[in-house]
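# Structural features, examined
So you can see what is in the structure, the chains are spelled out below.
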Amino acid sequence: MFTGIVEELGTVAAIEHGADSAVLRIDGPLVVSDATHGASISVNGVCLTVTEHDSSGFTVDVMAETLARSSLGALAPGDRVNLERAMPADGRFGGHVVQGHVDGTATITSRTPGDRWETVDFTLPAGLAAYVVEKGSITVDGVSLTVAHVGDGVFGVSLIPTTLDLTTLGHKGVGDVVNLEVDVIAKYVERLLSHRQPDRQTDRQTDRQTDRQTDRQEVES
């Protein structure tokens, strides 16, 4: 699990494409300072498993499902990526619950500079719109952000100077694609409610049947 607080801007050193997979080599000396084989590192919001590492970087495998749901397949050598190690059990919860399981991608539609900050708008895929609410949390390329506003097919966030300086979001332009992960709590709530609804209907039907049986018994007696 992650919190969406980017630790390091890494660089794609190499990418090898297979028929339906890819192997990424990423330079990131900070996140490999305590890495082990099998460790989890978030790369632009995607939880990936370290297969090899040394003092300067690490290698990961990217499967077909990840390539289909994220923007990782479009990376090229030299591209910068947001990196975050998995949160330790005794670590600080700086952002929000981030699984590193990308739900889809979005495109930057506009950037509006402020004094020292920027408002950035993104497309909002229809299938994810129900999980995005004003002042709620969303993960964009692995960065935990607060939703500033939501519209029809679009949402926006405000980026502070630290986010602009220390993540890829400070350098992306209109038309660039980003990875999205919506709040997992919202997905669980939806799932629970959808499964409880039939139970409530069954309970009401059972109650009505019991009431009818009681009425008949009273009439017969």
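Summarised in this report is the structure supplied together with it. (Residues numbered from 1 in each chain as written. Predicted model: local features only at pLDDT ≥ 70, side-chain atom pairs only at ≥ 80, totals over all residues. Heavy atoms only, no water.)

## Looking at the overall build of the chain
Our working definition: Segments assigned H or I by DSSP are reported as helices when at least four residues long, segments assigned E as strands when at least two residues long, and all are numbered from the N terminus. In this scheme, a residue with accessible area under 20% of its type's maximum is buried, one over 50% is exposed, and one in between is partly exposed, where area comes from a 1.4 Å probe on protein chains only. Note on contacts: a residue pair qualifies if any of its non-hydrogen atoms lie within 4.5 Å across the two residues. Note on areas: these come from Shrake-Rupley sampling with a 1.4 Å probe, and a residue is covered only by the protein chains present in the view.
What the chain contains, in helices and strands, is 3 helices and 12 strands. Buried positions account for 37% of the 221 residues belonging to the chain. A fraction of 69% describes how many contacts in the chain between residues 6 or more apart in sequence connect residues 24 or more apart. Working note: accessible area of the chain is about 12,000 Å², and carbon and sulfur atoms make up 51% of it.

## A short note on the environment of Gly94
Relative to the assigned elements, Gly94 resides in the loop between strand E6 (80-85) and strand E7 (104-113). Exposure remark for Gly94: the relative accessible area of 55% places this residue in the exposed category. As a C-alpha pair, Gly94 and Thr3 span 91 residues in sequence and 6.2 Å in three-dimensional space. Not counting chain neighbours up to four residues away, the residues in contact with Gly94 comprise Thr3 and Ile5.

## So, the pattern of salt bridges
Stated formally: Whenever Lys or Arg places a side-chain nitrogen within 4 Å of a carboxyl oxygen from Asp or Glu, that contact is recorded as a salt bridge.
Taken as a whole and judged by the stated rule, the model has 8 salt bridges. A salt bridge links Glu7 to Arg85; the nearest nitrogen and oxygen atoms lie 2.7 Å apart. You can see Glu7 sitting in the segment before strand E1 (8-17) and its partner Arg85 sitting in strand E6, a full 78 residues away along the chain. Glu7 sits in the partly exposed class, given a relative accessible area of 32%. Given the relative accessible area of 21%, Arg85 is considered partly exposed. In this structure, Asp54 engages Arg25 in a salt bridge whose closest nitrogen and oxygen atoms are separated by 3.0 Å. You can see Asp54 sitting in the loop between strand E4 (46-53) and strand E5 (57-62) and its partner Arg25 sitting in strand E2 (residues 22-27), a full 29 residues away along the chain. Relative accessible area serves as the criterion here: at 36%, Asp54 is assigned to the partly exposed category. Here the residues in one salt-bridge network are Glu7, Asp34 and Arg85, joined through shared partners.

## Here we look at the pairing of strand E10 (residues 143-151)
This is how it is decided: Two strands pair under a simple rule: DSSP has to find at least two bridges between them.
Looking at chain direction, strand E9 (residues 137-140) and E10 are connected through 4 bridges and run antiparallel. Residue pairing in the sheet places Ile138 in a bridge with Leu145 of E10. Where E9 folds back onto E10 in an antiparallel hairpin, the turn is made up of 2 residues, including Asp141, whose phi is positive at roughly 50°. Bridging between E10 and strand E11 (residues 154-159) involves 4 bridges; their strand directions are antiparallel. Residue pairing across strands places His149 opposite Gly156, the latter belonging to E11. Between E10 and the antiparallel strand that follows it, E11, lie 2 residues; Gly153 among them carries a positive phi value of about 75°.

## Observations concerning the environment of Thr3
Checked against the element boundaries, Thr3 lands in the segment before E1. Look at Thr3 and you get buried, because its relative accessible area is 4%.

## Overview of unusual backbone geometry
Non-glycine residue Asn44 carries a positive phi angle of around 50°. Counting through the fold element by element, Asn44 comes out in the loop between strand E3 (40-43) and E4. By relative accessible area, Asn44 is classed as buried at 3%. For Lys135, which is not glycine, the phi torsion reads 70° and is therefore positive. Relative to the helices and strands, Lys135 is located in the loop between strand E8 (118-123) and E9.

## Observations concerning the sheet that holds E6
As a reminder of what qualifies: A fitted line through C-alpha atoms serves as each axis, taken over the contacting stretch for helices, and the angle formed by two N-to-C directions is quoted from 0 to 180°.
If you trace the 6 strands once around the closed barrel, you get E1-E2-E5-E4-E3-E6, paired in antiparallel fashion. Averaged over all pairs of adjacent strands, the angle between strand axes in this sheet comes to 45°, irrespective of strand direction.

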